[in-house]
Amino acid sequence: MKGAGLRVYTALYLVFLYLPIVLLPIFAFNDSTVIAFPLGGFTTGWFAELAAVEALHAAVLTSVKIAVITALVSTLLGICAARAAARYRFPGKSGILGLIMLPLVLPEIIVAVSLLVVFLQIGLPLSALTVILGHVLICTPFAIAILNPAFQSLDVSLEEAAVDLGETAWGTFRLIVLPLVMPGVISSLLIAFTISMDEFIIAFFLSGSDATLPVYLWGQFRFPQRLPVVMALGSILVLLSVLLLVLAELARRRGARRRGALDTGGFL
Amino acid sequence: MALISLTGIDKFYGTYHALRGIDLDIAEGEFFSLLGPSGCGKTTLLRTIAGFEHPENGVLTIDGQNMKGVGPNRRPTNLVFQNYAIFPHLTVAENVGFGLRRSPLSRADKTKAVAEALAMAGLDGYGPRAAHALSGGQRQRVALARALILKPKVLLLDEPLSALDRKLREQMQTELRRLQRQVGITFILVTHDQEEALIMSDRIAVMFDGRIAQLDTPEGLYLRPNSRAVGEFIGLMNLLPGMLRPEDGRLLADIPGLGAIPLPPDLVAHGAAPGPATFGLRPESLSLMSPGGALPTGQFVDGTVTERTYYGDMTYYEVALDGAPDPVTCSMKNLVSRPVLERGARTRLAWEPGALILFPDG
Amino acid sequence: MADRQRSGSGRGMLLISGPLLYAVVMLAAPMAAILVFSFWTQDFLNIDTTPTWANYREAFSDPIYRELMVRSLKISAMVTAITVLLAFPVAYFISFRVRPERKALWIFLVTIPFWTSYLIRVFLWKVILGYNGVLNSALIGLGVIDEPLTLILYNFNAVVITLAHAFAPFAILPIFVALERIDRSLLEAALDLGETRLSAFFRVTLPLAMPGVVGACLIVFIPTIGDYVTPRLVGGPGGLMIANMIQTQFLKLNNAPLGAALAVIAMGIVTILALVFLALNRRFLRGRS
């Protein structure tokens, strides 16, 4: 049967997709310092070693700080844009939205170098702030993509009904709009946080001395003896990412269910 | 005094003229319908009264108050939306009590008001249910209870029955009528379904193209449409081309197939003038008889059945009248004693000249 | 019904002005700046702002830049072709063979790897493809080969494989969305009109899915050409791409204007190719909103 062939193919494809992630914990718990087969014995030593590295802690802190601010700002911008796109018609709408969504397809190196040029020219010192500016730029399109269905499926007449029943504009937003898009907002915050935590190129160009976690990791790749520790760190990161994503997906689904919409979509 | 009064209302969307100089008075306690095809402006007019659309020209008063600058939340009107707009994240009771949030009532009084509104709408015991799990008919009841709990002076209904299946729709039509009598306030219903408007309304405004084409009672609209468009929109209408010609100081209606008859007096008063004209005749004003049968007084003509459509209670015949360019439609109640004619059968039609409607051409 | 979107264009403008301002200041202006910058010159740390074509002349005359550019395009084109071809059956499977209530879960499953640390994923490909890597040890263990393969790391192929992995969800999602939009009764109609399942696929499903395929191609092609991490980690000297050279010019050789010119050229070529590609596919995209 053709169906069976497709099923096998898809299964193999999933193996291909998950291969690197599956290997990560294997090497993280392997006591050999060389990242290769055959494996040595089991150890949790690499994880213990993580606790002792000062530079790593600083990088984690920087990344979390950047990611939190990025998530908040880009979700706020995303709410404005998604709301405007779903509810209003205004001159140049598709062009404006196109420009805002452009970073989704733009090679990150282009974003990175063009921001670098501008920041150097206006004398803005490279720091966590400049990374945030870049990350907000690339996270906003994702926030819009996630928030868009929430705002699109928000029936205008629900808001009109609230006003008709005596609510003010603010009351309507608080009692009707916000509860209905909240799952989307949470999903957007989580996704933007995840992207910012993982992003490397822009941080590499714009972080200056405030190394983020990926920039720190990049530095570690040069030292073969540090690689098992990197594997341990990577395992933790992947675990956290998956956790955040599951939360984001659950939030998104709850939102779709609440709005009574049919649930088939993913993140994009 | 009129409860709602609209004078010279104009509404534009860009260059599109959605409402063209609407003048309308609606009385207290009236069941009023806005009837017309989609795009005629009826919903825009309703939303103007609700406060969601802002007319460029004209004055709208409700209960003597000018509504200019008064938002939907401060008008004595409440709206039942076409899709009911039930808040999906709230329970039925929370939906119904939504508008009471700002009222000075005590918590206990609010709970009591919600229970009463639910009972009135036939939703006893539904209060704690999640709103998104309701059926179409139940959603409509929630929407009604939610709007009526605020005791508005006017209840506005935007095609509230169009999403329901036929059985349920007929049931809700009766129920809405009963509800309106019970609460005694003005209902304004928007619908594109002429039958629904005729069944439910005290008065109907037929709208075409942003204008009110005719404002009348259901009987007035059906029996005396003031234009071909209204006549054709409401019920079935045979349109027969003919001539009006003067003879012996009076006007004769000369209709090919039906012959020349003196124009009935009430049509003369209508301001009929000599020249080409179109005559309207409802299908039930033509009746089929077996050839050679005993004839009542009045006119009759002969013809051939070209098509028949059987509806159970009624049969509709298309009959080509001898000497007429186009066939006419006539409807007959089906009786056990009355055989249904087949295509090709010769037949004789009796008709009432008094039922003739005159539409001057041009 | 009256179009309710028409009202309140002022509020719409007000709402969009925040995101728009951000995009103008942080995206449009910097892109314009880099264009201007590419006409300047830099001598160690001094920038000379006299406009000149010198950077473009150098970029087009020096064979190393041309080679990098051509290689980048080749890699991107191969990655695009492989990724989209591999992704189509998966998208088809999810759209046509998975029960509706399970589709969201499958899409979630497919997107998860995309959201986990890019750097670490790329690095792990190095581990998989390496001399003592997972693949070689597995193949040797199975007795397929005696000596580790060397043609799969630090070269062109490694870059292609790694990028094809990284961009897989980008290709699956647009195709999936396009397939989801196909009215299933169209396929029944095709079968009813005498098509076989296979010919119905080619005459109905595939043409209707083309907008998704075209979207997938663009969304993979454009970002891959500017990828920096993959060529650097698994590409070796023969697998480096234009982004690596741009980075080198900016951060190592202190020749930002030349780097800017390379970035502009890369963007220009990508834009032109994307437009040509879209023009070639106009037939498929026409009449679909």
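Cut-offs applied
Residues numbered from 1 in each chain as written. Chains lettered and ligands numbered in written order. Predicted model: local features only at pLDDT ≥ 70, side-chain atom pairs only at ≥ 80, totals over all residues. Heavy atoms only, no water. Helix = DSSP H or I, 4+ residues; strand = E, 2+ residues; numbered from the N terminus. Buried < 20%, exposed > 50% of the residue type's maximum accessible area, 1.4 Å probe, protein only. Contact = heavy atoms within 4.5 Å. Areas by Shrake-Rupley, 256 points an atom, 1.4 Å probe, with all protein chains shown as cover. Lys, Arg positive; Asp, Glu negative; His and termini not counted. Charge placed at Lys NZ, Arg CZ, Asp CG, Glu CD. Phe/Tyr/Trp six-rings, centres within 6.5 Å; stacked < 30°, edge-to-face > 60°. Lys NZ or Arg CZ within 6 Å of the ring centre and 35° of its normal. Domains from an automatic or database assignment. Buried area = accessible area lost by both parts, 1.4 Å probe. Salt bridge = Lys/Arg side-chain N within 4 Å of Asp/Glu carboxyl O. Polar contact = N/O pair within 3.5 Å; in protein donor to acceptor, adjacent residues only side chain to side chain. Nonpolar A, V, L, I, M, F, W, Y, C, P; charged D, E, K, R; others polar. Pairing = 2+ DSSP bridges. Axes fitted to C-alpha atoms, helices over the stretch in contact; angles between N-to-C directions. Parallel < 35°, antiparallel > 145°, perpendicular 65-115°, else oblique. Left-handed = near helix turned anticlockwise from the far one by under 90°.

### Quick notes on the overall build of chain B
Part 1: Along chain B, the regular secondary structure elements total 9 helices and 20 strands.
Part 2: Reported as C-alpha extents along the three principal axes, the dimensions of chain B are approximately 75 × 50 × 35 Å.
Part 3: With 362 residues in all, chain B has 48% of them scored as buried.
Part 4: In chain B, of all internal contacts separated by at least 6 residues, the share reaching a separation of at least 24 is 66%.
Part 5: Counting every atom, chain B has about 16,700 Å² of accessible surface; 52% of that belongs to carbon and sulfur.
Part 6: One way to put it: in chain B the 37 positive side-chain charges average out to a point 9 Å from where the 39 negative ones average out.

### Quick look at the packing of aromatic side chains
Part 1: Counted under the stated rule, the structure contains 30 aromatic pairs over all chains.
Part 2: Residues A:W218 and C:Y228 carry aromatic rings whose centres are separated by 5.9 Å and whose planes lie at 45° to one another, so their mutual orientation is tilted. One end of the pair, A:W218, is in helix α10 (residues 213-220); the other, C:Y228, is in the loop between α10 (197-225) and α11 (229-234), on a second chain.
Part 3: With a centroid separation of 4.5 Å and an interplanar angle of 5°, the aromatic rings of A:F221 and C:F123 are classed as stacked. Taken together, the residues span two chains, with A:F221 in the loop between α10 and α11 (227-258) and C:F123 in helix α5 (residues 118-129).
Part 4: Residue A:F221 is classed as buried on the basis of its relative accessible area, which comes to 10%.
Part 5: Exposure remark for C:F123: the relative accessible area of 3% places this residue in the buried category.
Part 6: Members of the aromatic cluster, connected to one another through ring pairs, are A:F200, A:F204, A:F205, A:W218, A:F221, C:F123 and C:Y228.
Part 7: Positioned above the aromatic ring of B:F87, the side-chain terminus of B:R146 is 4.7 Å from the ring centre.

### Examining the domain arrangement of chain B
All names here are of chain B.
Part 1: When the domains of chain B are assigned, the result is domain 1 (4-232) and domain 2 (238-360).
Part 2: In this structure, domain 1 and domain 2 have C-alpha centres spaced 39 Å apart.
Part 3: Taking both sides of the interface into account, the surface hidden between domain 1 and domain 2 amounts to around 660 Å²; carbon and sulfur atoms contribute 56%.
Part 4: Summed over the shared surface of domain 1 and domain 2, the number is 0 salt bridges.
Part 5: Applying the counting rule to domain 1 against domain 2 returns 3 residue pairs in polar contact (both at pLDDT 80 or more).
Part 6: Of all the secondary-structure elements, those providing two or more residues to the side of domain 1 that touches domain 2 are α7 (218-223) and α8 (228-233).
Part 7: Across the side of domain 1 that touches domain 2, the residue classes break down as 4 nonpolar, 2 polar and 2 charged.

### Let's talk about the pairing of strand β3 (residues 31-35) of chain B
Side chains on a regular strand alternate between the two faces of the sheet.
Residue and element names in this part refer to chain B.
Part 1: Counting buried positions along β3 gives 5 out of 5 residues, so the element sits mostly inside the fold.
Part 2: Going residue by residue along β3, you find F31, S33 and L35 tucked away on one face and F32 and L34 tucked away on the opposite face as well.
Part 3: Examined bridge by bridge, β3 and strand β8 (residues 186-191) share 5 bridges and lie parallel to one another. Paired with L34 across the bridge in β8 is V190.

### What about the sheet that holds strand β14 (residues 275-281) of chain B?
All names here are of chain B.
Part 1: On the basis of which strands lie adjacent, the open sheet formed by 5 strands has the order β13-β12-β11-β14-β20 and antiparallel pairing. The sheet terminates laterally at β13 (259-262) and β20 (357-360), the two strands that pair on one side only. Along the sheet, successive strands turn relative to each other by an average axial angle of 35°, direction set aside.
Part 2: Where strand β12 (residues 250-255) lies against β13, 4 bridges are found, and the strand directions are antiparallel. Residue pairing across strands places I255 opposite G259, the latter belonging to β13.

### Details of the interface of chain C and chain A
Part 1: In this assembly, 85 residues from chain C lie in contact with 90 residues from chain A.
Part 2: Regarding the contact of chain C and chain A, the summed buried area is about 8,000 Å², with carbon and sulfur atoms giving 80% of it.
Part 3: Seen at the junction of chain C and chain A, the total is 0 salt bridges.
Part 4: Our count for the chain C to chain A interface comes out at 6 residue pairs in polar contact (both at pLDDT 80 or more).
Part 5: Here the side of chain C that touches chain A is built from residues that sort into 63 nonpolar, 14 polar and 8 charged.

### As for the packing of helix α8 (residues 168-181) of chain C against α10(C)
Residues and elements named next belong to chain C.
Part 1: Following both chains from N to C, one finds α8 and α10 inclined at 155°, their axes separated by 8 Å at the closest point. Of the possible angle classes, the one that applies to α8 and α10 is roughly antiparallel. Here α8 runs over α10; the crossing is right-handed. Contact residues: F170, A171, P174, I175, A178 and L179 in α8; T205, A209, G212, V213, G215, A216, I219 and V220 in α10.
Part 2: A class-by-class count of the residues in the contact of α8 with α10 yields 11 nonpolar, 3 polar and no charged.

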